[in-house]
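A closer look at the structure
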Amino acid sequence: MVRIIRRFHHLLFTERQNGLKYRPTRKPFKSADMSSSSTNKAQRLTQEVSNFLTENNWKNLITNLDIPKELNPLVVRSVLLQNRIRDPRRLLRFFYWSRRQSCIPQFLDSFSILAVLLCNNNFFGPAGGVLNHMIRTGKSRSSILESVIRCFKSTGGSNSVVFDILIDSYRKMGKVREAADVFLGVKTAQILPSLRCCNCLLNDLLKGNMMESFWKVHDGMMDAKMDFDVYTYTSLAGALCKVGDLDGAKRVLTQMDEKGCSPSVFIYNVIINGFCHVGAVDEVFKLKKSMIEKGLVPDTYTYRWIIDMLCKGRKLEDAKLMLQEMTQMGLEPHYAVYSALIDGFMMEGNINEVFRVKEEMVSCGMQLNLVTYNVLVHGICKYGKMEKAVEVVDEMIKMGCKPNCQTYGWLIEGYFREHNMGRVYELLLEMEGRNLVPSEATYSAVINALCNCKDFPKANALVQKMVASGLKPSAVIYRTLIMGYACEGRAKEAEILLEEMGDNGVVPDIFCYNPILTCLSKAGRMEEAKMFFSEILEAGLTPDAVSYGALICGYSKEGKMQEAAVYFNEMVDRGLLPNNLVYTVLIDGHFKAGNVTEALATFQHMLGFGVLPDVQTYSVVIHGLSKKGKTKEAFEILKEMKEKCLDPDIVTYNSVISGFCKQAEIEKAIQVYEEMCSKGLDPNIYIFNTLMDGLCKSGDIQSARKLFDGIQKKGLVPDNITYSTLINGYCKAGDLTEGFNLFDEMQSKGVEPHSFVYNALLYGCCGEQNIDKALNLFGEMMQTGYGGKTDITGSCDLHDCD
């Protein structure tokens, strides 16, 4: 006590009942922000604290004098500066203790002084802790770096490892880009971090795919003429591979040779992996040979990359040879090697080889994981071997590997392909028993299959189960159901689903509305379709080409071309391009309405907008022109169609032949018929009937009979129009006997006579004055119910009823 009193002579005693206590003769210092009036006091306080720090019980001495209340960042920094030649560990304890005494943040320089001091004395771990605390103050990277550089230079820093630690601190805290900026700042200050530090930084930048920063650090190292080692070159090779400069990566090996730096297996693996990713088989094997020549032995990873590359390139036999070589070298194949082989053989559909590899894995003591089992199940299901797939699932359960949603998803998909919906439902129940919730994709697939099977009740039930299990059905799933109902013409059920979507928080899109609109239009319910179109607009959705197309097609088929034109013009004004189908239906509607000019104008509009007509479009135009007697124009369109390399179909030829026959241009009709046959198109019964009618009207009854006799050779059966046409031809030609022969044949073959046949025969009988036969035939007509349709004043034309 006497020693302390003598040393600290400015302290006096004061007596109290409870004993002696130190009392400072000075008054407490004011707050640190009043630096103008307290500089001397701060200096004195700095000296006092520095003196106390020479004692082992410095903390008690400072606390008893209430000094902690007067400590401020300025004093702490001054104490650190004044005592930098003393024990840095005691200063470190003082610094952390002083930080706890005050809520005022310490100066950055205090951290820097302490970190430099600790590194100068080789206390690198504590220095790292100080720098970590410094970074966590939230100060900018540039402020921290400036402080460390300033204190390093001003305090005579002798160990630049402090900058290694600063870079490492940023790097280990995940601030890799900031670490790169620190490196560049340190280099600018003419201070170089160690090669080890730079290598670690390059490696982290490469892993984080921060290639811009990587190249800045690399170029900085080059500029500083740092000597690269194998780790630097490995990072450089990896970066070049990542950016696709594989030739540059190979040149790194040459640079290493020139610098006398021996490559490692690791750098070869990096470059080999790069070439494997692009499937450069020849280059890969050259590199493998090169590394062996340098005395390096390929390791597990070398073979792993090569085998994986060969499997992906479908060189499975070569992959097996690599595996054999690998095992001969005493290397144990990695799990990924076998997985690659399994994937490769699975892509080839070689299930037997897949299981051979699987058994080899098991014999090597490897237990298959869930991923590999799922690969097996997926592949086996894909090739329809469902019994084998079930065996694999049973095995994985036996081995303690629980199937997951994906496992069941593959099984369900496999049974879909077999249309085994019963088994699909069993699997769904099995999943439920295992507390596995099917994925949205699985539900979607099942619902889609049920809709294809038109089993809408079960599909709806699955949607409800999805909702109950906490899964929110997507708009795609609802759309599948809506489309299913709409395709069946069940617009009401589809609309109910649309409302249900909103109730479940799923916003319908235009693709959910379109099937209902199309359904209403196809059914000719155009007033409802129009109202539904208004609902689309009220929902804030923008109608697309399908929306307008549905209305245009609906009105066109109803013959309401004015309404169709309104929606067509609105569609074009919105910048929506009508598709081929819309144009075709619109053209057909104009033809049926008798407006040939408008039909052809629409056809030209279609061509002008670059929409290419297909066979159906040309057929509609040709049919419309032919029906209106414009056979020349129709034939020109047919030629244009063929010039565009579009092959006319049977409907197209039908229209042209019919047009020529109606215009009594039978020779042209026959030419078109022969052209059709030469293209391998077999005429239908309608074409035969049309040609026979044309021939009969032109008086060529023999050619008509020749066509009739060839009908059965074409695999066709004459119908009542066929017989009626030829019978009428014979009667008009005065060959009543052959007419009645055909009439008898017609009845014997079970073809019911048409009223037209009776009229033709009656007309023939009357023409020959054979009244008795005419009366007998008339009596027969009365018995068959055709009496009211008799017209013996002339013969009607059956082919006019088109």
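Just so it is clear, the model here is predicted, and its values are computed rather than measured.

Turning to a negative patch on the surface, a few remarks are in order. Taken together, the side chains of E499, D503, E535 and E538 present a region of like negative charge at the surface. When residues of the negative patch are traced back to their parent elements, those giving at least two are α28 (491-503) and α30 (526-538). With respect to the helices and strands, D503 occurs in helix α28. On the basis of relative accessibility, which here comes to 68%, the residue D503 falls in the exposed class.

What follows concerns the packing of helix α5 (residues 88-101) against helix α7 (residues 124-136). Where α5 contacts α7, the two axes come as close as 12 Å, and the packing angle between them is 25°. As the angle between them shows, α5 and α7 are arranged roughly parallel. Pair α5 / α7 crosses with left-handed handedness. Within the contact between the two elements, α5 uses L92, Y96 and R99 and α7 uses P126, G129, V130 and H133. Taken together, the residues of the contact of α5 with α7 sort by class into four nonpolar, two polar and one charged.

As for its placement among the helices and strands, N580 is situated in helix α33 (residues 580-592). Within the local environment of N580, its side chain forms a polar contact with the backbone oxygen of L612, the two atoms lying 2.6 Å apart. For N580, the contacting residues outside a window of four places in its chain are M606, V611, L612, P613, D614 and T617.

Another aspect to go through is the side chain of H590. Relative to the elements of secondary structure, H590 occurs in helix α33. By relative accessible area, H590 is classed as buried at 7%. With near-sequence residues (within four places) excluded, H590 lies in contact with M561, N595, E598, A599 and T602.

What follows covers the layout of surface pockets. A volume near 610 Å³ is recorded for the largest pocket. Considering the residues around the largest pocket, the lining is formed by 21 residues, among which L206, T234, G238, F266 and V270 are closest to the centre. Secondary-structure elements contributing two or more residues to the lining of the largest pocket are α11 (195-207), α13 (230-242), α15 (265-277) and α17 (300-312). Here the element with the most residues in the lining of the largest pocket is α13; it accounts for seven residues. Here the residues of the lining of the largest pocket sort into eight nonpolar, ten polar and three charged.

Okay, the confidence of the model for the protein chain next. Summarising the model, the protein chain shows a mean pLDDT of 83, and 91% of its residues fall at 70 or more. The low-confidence segment residues 1-37, where pLDDT is below 50, has 39 contacts with residues more than four positions distant or belonging to other chains. Predicted confidence for residues 788-798 stays below pLDDT 50, and this span has 23 contacts to residues more than four positions away or in other chains.

We now examine the environment of L607. For L607, the position within the fold is in helix α34 (residues 596-608). With relative accessibility at 28%, the residue L607 sits in the partly exposed group. Separated by 215 residues in sequence, L607 and V392 have C-alpha atoms that sit 58 Å apart. Discounting residues that sit within four places of it in the chain, L607 has contacts with P613 and K644.

A separate point is the environment of P403. Among the structural elements, P403 can be located in the loop between α22 (386-398) and α23 (405-417). On the basis of relative accessibility, which here comes to 5%, the residue P403 falls in the buried class. Taking the C-alpha atoms as reference, P403 lies 69 Å from Q747; in sequence the two are 344 residues apart. Each residue touching P403, except ones within four places of it in the same chain, is listed here: L370, V393, M396, I397, Y408, R434 and L436.

Cut-offs and rules
- Residues numbered from 1 in each chain as written.
- Predicted model: local features only at pLDDT ≥ 70, side-chain atom pairs only at ≥ 80, totals over all residues.
- Heavy atoms only, no water.
- Patch = residues over 30% accessible without salt bridge, like charges linked within 9 Å, V, L, I, M, F, W, Y side chains within 5 Å.
- Areas by Shrake-Rupley, 256 points an atom, 1.4 Å probe, with all protein chains shown as cover.
- Salt bridge = Lys/Arg side-chain N within 4 Å of Asp/Glu carboxyl O.
- Lys, Arg positive; Asp, Glu negative; His and termini not counted.
- Charge placed at Lys NZ, Arg CZ, Asp CG, Glu CD.
- Helix = DSSP H or I, 4+ residues; strand = E, 2+ residues; numbered from the N terminus.
- Buried < 20%, exposed > 50% of the residue type's maximum accessible area, 1.4 Å probe, protein only.
- Axes fitted to C-alpha atoms, helices over the stretch in contact; angles between N-to-C directions.
- Parallel < 35°, antiparallel > 145°, perpendicular 65-115°, else oblique.
- Left-handed = near helix turned anticlockwise from the far one by under 90°.
- Contact = heavy atoms within 4.5 Å.
- Nonpolar A, V, L, I, M, F, W, Y, C, P; charged D, E, K, R; others polar.
- Polar contact = N/O pair within 3.5 Å; in protein donor to acceptor, adjacent residues only side chain to side chain.
- 1 Å grid on protein atoms, 1.4 Å probe; cavity = no way out; pocket = protein on both sides within 12 Å on 5 of 7 lines; lining within 4 Å.
- Points joined across faces, edges and corners; volume = space filled by probe spheres on them.
- pLDDT = per-residue confidence, 0-100.

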